[in-house]
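Structural characterization, general
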Amino acid sequence: MAYKLTEGCLESIMEGAELSSPVLQILAIKKIVSGNAKKDRYRVIVSDGLYSVSHAMLAAPNNEQVLQAGEHTIIKIKRYITSLFNNSDKEQRILLLLDVEIIAPGSQIASSLGKPTPLAEAKKNEPTNSNIYATKGNSSSNSFAKRSDDSSSSTLPHNGNNSVSLENQLIHPICSLSPYQNKWVIKARVSNKSAIRTWSNSKGEGKLFSMDLLDESGEIRCTGFKEMVDKYYDYIQVDKIYFISKCQIKGANKKFCSLKNDYEMTMTNETTVQEYQGEDKGIPSTQYNFMTIDKIGNMESDSLVDICAICKEASELQTFQAKSSGRELKKKEVVLVDQTKSSVILTLWGTDAENFDGTNNPVVVIKGARIREFGGGKNLSLGAGGLLKINPDIPESFRIRGWYDQEGCSGNIVDISAKSGSLSTVWMSFKGVKDQGLGNAEKGDYYQNVATVLLMSSNNLTYKACPTESCNKKIIDLENGMYRCEKCNREFPNFKYRLLARMNVADWSGNTWISMFSSEAETVMGMTAQEVGEQIESNSEAAADIVEKVNFKQFVFKCRAKMETYNDEARLKTISVEVKPINYKDFNNQIVNRIKQLMG
DNA sequence: CCCCCCCC
């Protein structure tokens with residue numbers, strides 16, 4: 001098949017014309033080496049069959065597909081801009097390829113089409129008297145033009161140094177920002193804004209926030225320290241567009257930022273930020289570089305990834321103290337699955353964890369999640385600087401929704417996280433527990449099973465515990481209206497009820513006695529410990545009624561089995577550490593897989 | 001100038 005290039009189009013393009021979907025061929029691809037972070041900037045030579053242009057660059061989102069397609073690839077240019085570029089006192093116009101579509105990969109073409117001559121030789125560019133990056137034209141497909149009249153800046157934050165409006169100045173693409181050029185204005189969407197964080201170390205202390213900025217050409221992280229937090233934090237809002245100028249640009253530390261930019265920026269006293277209130281077409285929303293879950297297993301720990309997946313399951317919110325800092329932390333674990341039929345555990349923190357609702361298997365899109373290693377498996381942690389979106393309006397999100405609803409829940413899912421993770425506990429029957437001799441691991445062995453309650457003991461179901469929130473120690477009734485906690489070494493006028501339930505549960509293979517504490521027993525009984533305690537207190541017959549109602553209820557019991565010695569006799573003690581209603585899809589899958597195994 | 005985040 002013959003491919004046709006848009007002959008001669010480069011001449012008009014390099015003069016600032018806007019052509020619709022010109023077709024070009026890539027003659028060469030070269031990585032730009034700049035500073036110490038060398039990733040993801042590529043210069044290309046493009047040809048229209050008549051002329052070639054060597055001052056062309058790929059915008060980051062296109063890198064991967066173009067690199068893969070290689071030299072001689074034929075591309076359709078869906079969006080582009082040109083910029084004036086000051087190269088050692090000589091002005092040159094560069095062509096920036098914002099969005100390209102591969103028409104034919106290089107391997108199918110294998111040679112240059114036509115006999116292109118370098119445009120620069122064929123024709124002298126006319127330099128303008130501007131020495132900054134800028135573009136001609138002023139259409140919606142090109143947001144780096146002079147602003148159109150429908151925009152106006154909003155009230156500035158409470159300070160006096162923003163007297164010069166940025167809205168009439170030439171706008172620079174984010175991908176053109178570098179430490180060597182400080183006269184610039186960008187027009188960018190804030191796609192993510194961190195919480196305010198404080199730090200205190202040997203070098204001092206302070207507070208900071210950071211945000212991710214985005215335009216058609218790329219993205220960059222911007223951090224504001226101390227006074228900048230007071231000045232701009234509340235003013236800047238996620239998803240809005242701002243004119244921003246005069247930040248300090250420095251090399252990005254890839255260890256902490258997954259954005260596709262070799263640089264990041266820091267706000268200074270010179271920095272100005274003005275909201276743009278015009279139409280925002282042409283400025284994209286968050287850009288992702290999605291990775292499938294099956295690949296995570298082979299990636300290095302600590303690297304950052306973007307994932308689009310389905311939440312298969314989510315844990316309860318857990319609150320605990322960090323051992324290192326003593327700070328209180330909140331987390332929630334989520335199992336993600338994608339089309340590669342692989343699953344991975346993702347840990348969410350803080351408000352992300354608190355607000356996350358895993359019901360109805362939402363699409364979870366994360367940007368900048370860190371890969372961690374545990375017990376031979378990999379998992380993900382979405383820390384500060386990461387971004388979480390639930391059911392976002394992007395094509396990948398709809399695609400995976402369709403996949404999951406059609407076929408996603410059936411068949412084998414390979415879990416790349418460690419089997420000991422709280423959400424990927426092994427399924428085992430009570431017979432299996434016995435046959436495999438579980439319980440000899442130092443911290444016990446975990447398994448989960450679907451089981452039916454046969455009998456629940458009504459003896460000593462409740463006890464009176466210390467009212468302190470974190471202390472569940474049994475208190476001593478001083479019989480004078482006061483209660484003493486030995487652990488807290490304090491006396492209280494009140495107490496709280498706690499549960500210590502014992503029950504015999506059965507599956508197809510046998511039965512076993514298990515114990516559980518308040519939160520699990522509350523799930524089984526459908527009552528709070530307080531309600532149980534009060535009912536039994538007021539009527540000693542109540543306990544029998546309460547435990548009878550539990551008979552024949554079914555749950556998924558997650559258990560910890562541990563061998564203990566009692567009166568010189570070894571016996572297996574089982575505590576249920578989590579009780580959940582049965583998810584029949586998962587349970588049936590698990591049974592079907594077992595049947596397949598048994599059939600060889 | 002931050003970039004920390006637990007337990008299996």
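Only a predicted model underlies this, so the values are computations on that prediction, with no experimental measurement involved. (Residues numbered from 1 in each chain as written. Chains lettered and ligands numbered in written order. Predicted model: local features only at pLDDT ≥ 70, side-chain atom pairs only at ≥ 80, totals over all residues. Heavy atoms only, no water.)

**Some remarks on the nonpolar core**
- If you look at the biggest cluster of nonpolar residues, it comprises 32 residues, and the most contacted ones within it are Leu-461, Met-503, Met-516, Met-525 and Phe-557.
- Elements supplying a minimum of two residues to this core: helix 9 (430–435), strand 21 (445–456), strand 26 (496–507), strand 27 (510–517), helix 10 (518–525), helix 11 (529–538), helix 12 (542–550) and strand 28 (554–566).
- Within the second largest apolar cluster, 25 residues are counted, among which are Cys-222, Tyr-233, Ile-236 and Met-267. (Core = buried A, V, L, I, M, F, W, Y, C linked by side-chain atoms within 4.5 Å. Buried < 20%, exposed > 50% of the residue type's maximum accessible area, 1.4 Å probe, protein only. Helix = DSSP H or I, 4+ residues; strand = E, 2+ residues; numbered from the N terminus.)

**Here we look at the protein's contact with DNA strand B**
- In the vicinity of DNA strand B lie 23 residues, with Leu-208, Lys-250, Phe-320, Phe-374 and Ala-384 positioned nearest.
- Atoms of DNA strand B within 4 Å of the protein: sugar and phosphate make up 39%, bases the balance.
- Contact between DNA strand B and Lys-331: a base nitrogen at 3.0 Å from a side-chain N or O atom of the residue.
- Contact distances for DNA strand B include 3.0 Å between a base nitrogen and a backbone N or O atom of Ala-384.
- Those elements that place two or more of their residues in the surface near DNA strand B are strand 8 (197–201), strand 10 (218–225) and strand 15 (328–337).
- Sorting elements by how many residues they give to the surface near DNA strand B places strand 8 first, with three residues.
- Residues belonging to the surface near DNA strand B are distributed by class as follows: 10 nonpolar, five polar and eight charged. (Near = heavy atom within 4 Å. Polar contact = N/O pair within 3.5 Å; in protein donor to acceptor, adjacent residues only side chain to side chain. Nonpolar A, V, L, I, M, F, W, Y, C, P; charged D, E, K, R; others polar.)

**Some remarks on the sheet that holds strand 24 (residues 483–485)**
- With antiparallel pairing, three strands are arranged side by side in an open sheet as 23-24-25. Of all strands in the sheet, those with a lone pairing partner are strand 23 (476–477) and strand 25 (490–492), marking the two edges.
- As paired strands, strand 23 and strand 24 are joined by two bridges and run antiparallel to one another. Among the inter-strand pairings, Asp-477 is bridged to a residue of strand 24, identified as Tyr-483. (Pairing = 2+ DSSP bridges.)

**A short note on the pattern of salt bridges**
- With the rule as written, the count across this model stands at 15 salt bridges.
- Lys-464 is paired through a salt bridge with Glu-537; the nearest N and O atoms lie 3.9 Å apart. Residue Lys-464 is located in strand 22 (residues 462–465), and its partner Glu-537 is located in helix 11; the two are separated by 73 residues in the primary sequence.
- For Lys-464, a relative accessible area of 25% gives the class partly exposed.
- Through salt bridges that share partners, Glu-219, Asp-306 and Lys-367 make up one connected network. (Salt bridge = Lys/Arg side-chain N within 4 Å of Asp/Glu carboxyl O.)

**With respect to the environment of Arg-189**
- By the element assignment, Arg-189 lies in strand 7 (residues 185–193).
- With relative accessibility at 7%, the residue Arg-189 sits in the buried group.
- The sequence separation of Arg-189 and Lys-240 amounts to 51 residues, and the corresponding C-alpha distance is 5.6 Å.
- When near neighbours in sequence (up to four residues on either side) are disregarded, Arg-189 contacts Asp-212, Leu-213, Leu-214, Asp-239, Lys-240, Ile-241, Asp-280, Ile-283, Pro-284 and Ser-285. (Contact = heavy atoms within 4.5 Å.)

**A short note on the confidence of the model for chain A**
- Mean pLDDT over chain A works out to 85, with 89% of the residues at or above the 70 mark.
- The model gives residues 126–143 a pLDDT under 50, and that stretch makes 56 contacts with residues more than four places away or in other chains.
- Residue range residues 158–163 is modelled with pLDDT below 50. Its contacts to residues more than four positions away, or to other chains, number 13 contacts. (pLDDT = per-residue confidence, 0-100.)

**As for unusual backbone geometry**
- Of note, His-72 is a non-glycine position whose phi angle comes to about 75°, a positive value.
- Mapped onto the fold, His-72 is located in the loop between helix 2 (63–69) and strand 4 (74–87).
- Even without a glycine there, the phi angle at Asn-460 is positive, about 50°.
- Secondary-structure assignment places Asn-460 in the loop between strand 21 and strand 22.
- Given the relative accessible area of 68%, Asn-460 is considered exposed.

**A few points about the packing of helix 11 against helix 12**
- Between helix 11 and helix 12, the least distance of the axes is 8 Å, while the angle of their chain directions is 140°. As the angle between them shows, helix 11 and helix 12 are arranged oblique. Of helix 12, the residues touching helix 11 (which contributes Val-532, Gln-535 and Ile-536) are Ala-542, Ala-543 and Ile-546. (Axes fitted to C-alpha atoms, helices over the stretch in contact; angles between N-to-C directions. Parallel < 35°, antiparallel > 145°, perpendicular 65-115°, else oblique.)

**Some details on the packing of aromatic side chains**
- Tallying each qualifying case throughout the model produces 11 aromatic pairs.
- An angle of 85° between the planes, with centres 5.1 Å apart, marks the rings of Phe-209 and Tyr-233 as edge-to-face. Here Phe-209 is found in strand 9 (residues 204–215), whereas its partner Tyr-233 is found in the loop between helix 5 (227–232) and strand 11 (241–251), with 24 residues between them in sequence. Grouping residues by exposure puts Phe-209 and Tyr-233 together as buried.
- Centroid distance Phe-495 to Tyr-497: 5.2 Å. Interplanar angle 90°. Geometry classified as edge-to-face.
- Among the aromatic residues, those joined into a cluster by ring pairs are Tyr-483, Phe-495 and Tyr-497. (Phe/Tyr/Trp six-rings, centres within 6.5 Å; stacked < 30°, edge-to-face > 60°.)

**Describing the pairing of strand 10**
- Counting buried positions along strand 10 yields seven of eight residues, so the element is predominantly enclosed.
- In this structure, strand 9 lies alongside strand 10, joined through eight bridges in antiparallel fashion. Paired with Ser-210 across the two strands is Thr-223, which belongs to strand 10.
- Joining the antiparallel neighbours strand 9 and strand 10 is a turn of two residues.
- Bridge analysis of strand 10 against strand 12 (residues 263–276) gives two bridges, and the strand direction is parallel. Its bridge partner being in strand 12, Thr-223 is matched across the sheet by Thr-266.

**Some details on the pairing of strand 13 (residues 304–314)**
- Across the 11 residues that make up strand 13, a large majority, eight, are buried.
- When strand 13 meets strand 17 (residues 363–374), the two strands line up antiparallel, connected through six bridges. Looking at the pairing, Ile-310 lines up with Val-363 of strand 17.
- As judged from the four bridges shared by strand 13 and strand 15, these two strands associate in the antiparallel manner. Bridge pairing links Cys-311 to Leu-336 in strand 15.

**What about the side chain of Gln-181?**
- Topologically, Gln-181 is positioned in the loop between helix 4 (119–122) and strand 7.
- The class of Gln-181 is buried, set by a relative accessible area of 19%.

**Structural notes on helix 8 (residues 395–408)**
- Buried residues of helix 8: Ser-397, Ile-400, Trp-403, Tyr-404 and Gly-408, and no others. Along the axis of helix 8, the buried positions cluster into a sector of 125°, meaning they face one direction only. Residues of helix 8 that are exposed and point more than 90 degrees away from the buried face comprise Pro-395, Phe-398, Arg-399, Asp-405 and Gln-406. (Arc of directions from axis to C-beta.)

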